[in-house]
Amino acid sequence: MVEIDNVITDEKIENYFERTKEAISIIKNGLPPEKSLLSDVASDFLVMIDCYFEDAKTFIDKGDYINAFASLNYAYGWIDAGARLGIFNVGDDDVRFTLAK
């Protein structure tokens, strides 16, 4: 029988929080030039990412790990989408980001 890990522990939520925080730092260093057409798209993506990340912090503070976990996953979804589309330059980092064609 396969054991299923279906508990969001303090350690698990902290790991996801730190991984997302690190990814946000990386993408903010890989923004398109301000005069680029992608600059506005990157700004829109960052608003969504920051909103979900802040929501996660609020949920964590309330002890609501289910919604915190969901918010962190939504934030990371936006991060990965931006990296995959080339909106954020993350180099060849296919460990933290989904870059495969």
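Refer to the structure printed above.
Remember, predicted model here, so these are calculated numbers, not experimental data.

Asks: Just give me the short version of helix α2 (residues 38-61), but keep the residues and values in it.
Replies: With 24 residues, α2 should cover 34 Å at 1.5 Å per step; its first-to-last C-alpha distance of 34 Å lies within 8% of that length. Of all the positions in α2, only Ser39, Ala42, Phe45, Leu46, Ile49, Phe53 and Ala56 are classed as buried. Contacts made by the buried residues of α2 are with α1 (10-28) and α3 (65-85). Positive phi shows up at Gly63, right after α2, with a value of about 80°.

Asks: Outline the packing of α2 against α3, supporting the account with residue identities and numerical values.
Replies: Remark: α2 packs on α3, axes separated minimally by 8 Å, with the N-to-C direction vectors making an angle of 160°. The angle between the axes of α2 and α3 places the two elements in the roughly antiparallel class. In the crossing of α2 with α3, the sense of the turn from one axis to the other is left-handed. Where α2 approaches α3, its residues Phe45, Met48, Ile49, Tyr52, Phe53, Asp55, Ala56, Phe59 and Ile60 are matched on the opposing element by Tyr65, Asn67, Ala68, Ser71, Leu72, Tyr74, Ala75, Trp78, Ile79, Ala81, Gly82 and Leu85. Split by residue class, the contact of α2 with α3 holds 17 nonpolar, three polar and one charged.

Asks: Mind laying out the packing of aromatic side chains, listing which residues take part and the relevant values?
Replies: Per the counting criterion, the structure on display carries five aromatic pairs. Relative to Phe69, the ring of Tyr16 lies with its centre 4.8 Å away and its plane at 65°, an arrangement referred to as edge-to-face. Here Tyr16 is found in helix α1, whereas its partner Phe69 is found in helix α3, with 53 residues between them in sequence. The exposure class of Tyr16 is partly exposed, given its relative accessible area of 25%. With relative accessibility at 22%, the residue Phe69 sits in the partly exposed group. Centroid distance Phe17 to Phe53: 4.9 Å. Interplanar angle 15°. Geometry classified as stacked. Pair noted here: Phe17 is in helix α1 and Phe53 is in helix α2, with a separation of 36 residues, a long-range link.

The rules we used
Residue numbers here run from 1 along each chain, matching the order of that chain's written sequence. Residue-level local features of this predicted model are given only where pLDDT is at least 70; pairs of side-chain atoms are given and counted only at 80 or more, and the full residue set underlies all totals for whole chains, interfaces and linings. Water and hydrogen atoms play no part in the side-chain values, which are based on all heavy atoms of the structure. Secondary structure follows DSSP: runs of H or I at least 4 residues long count as helices, runs of E at least 2 residues long count as strands, and numbering of each begins at the N terminus. What a helix should span is 1.5 Å times the count of its residues minus one. Whether a residue is buried, partly exposed or exposed follows from its accessible area with a 1.4 Å probe, protein chains only, as a fraction of its type maximum: under 20%, in between, or over 50%, in that order. Any two residues having at least one pair of non-hydrogen atoms within 4.5 Å are treated as being in contact. Only C-alpha atoms enter the line fits that serve as axes; for helices the fit covers just the stretch in contact. Angles between N-to-C directions range over 0 to 180 degrees. An angle below 35 degrees is treated as roughly parallel, one above 145 as roughly antiparallel, one from 65 to 115 as roughly perpendicular, and anything else as oblique. For a crossing to be left-handed, the near helix must be turned anticlockwise from the far one by less than a right angle; the clockwise case is right-handed. Three classes are used, and their members are as follows: Ala, Val, Leu, Ile, Met, Phe, Trp, Tyr, Cys and Pro are nonpolar, Asp, Glu, Lys and Arg are charged, and the others, Gly among them, are polar. Pairing of aromatic rings covers Phe, Tyr and the six-membered ring of Trp, with a centre-to-centre limit of 6.5 Å; geometry is then stacked below 30 degrees between planes, edge-to-face above 60, and tilted otherwise.

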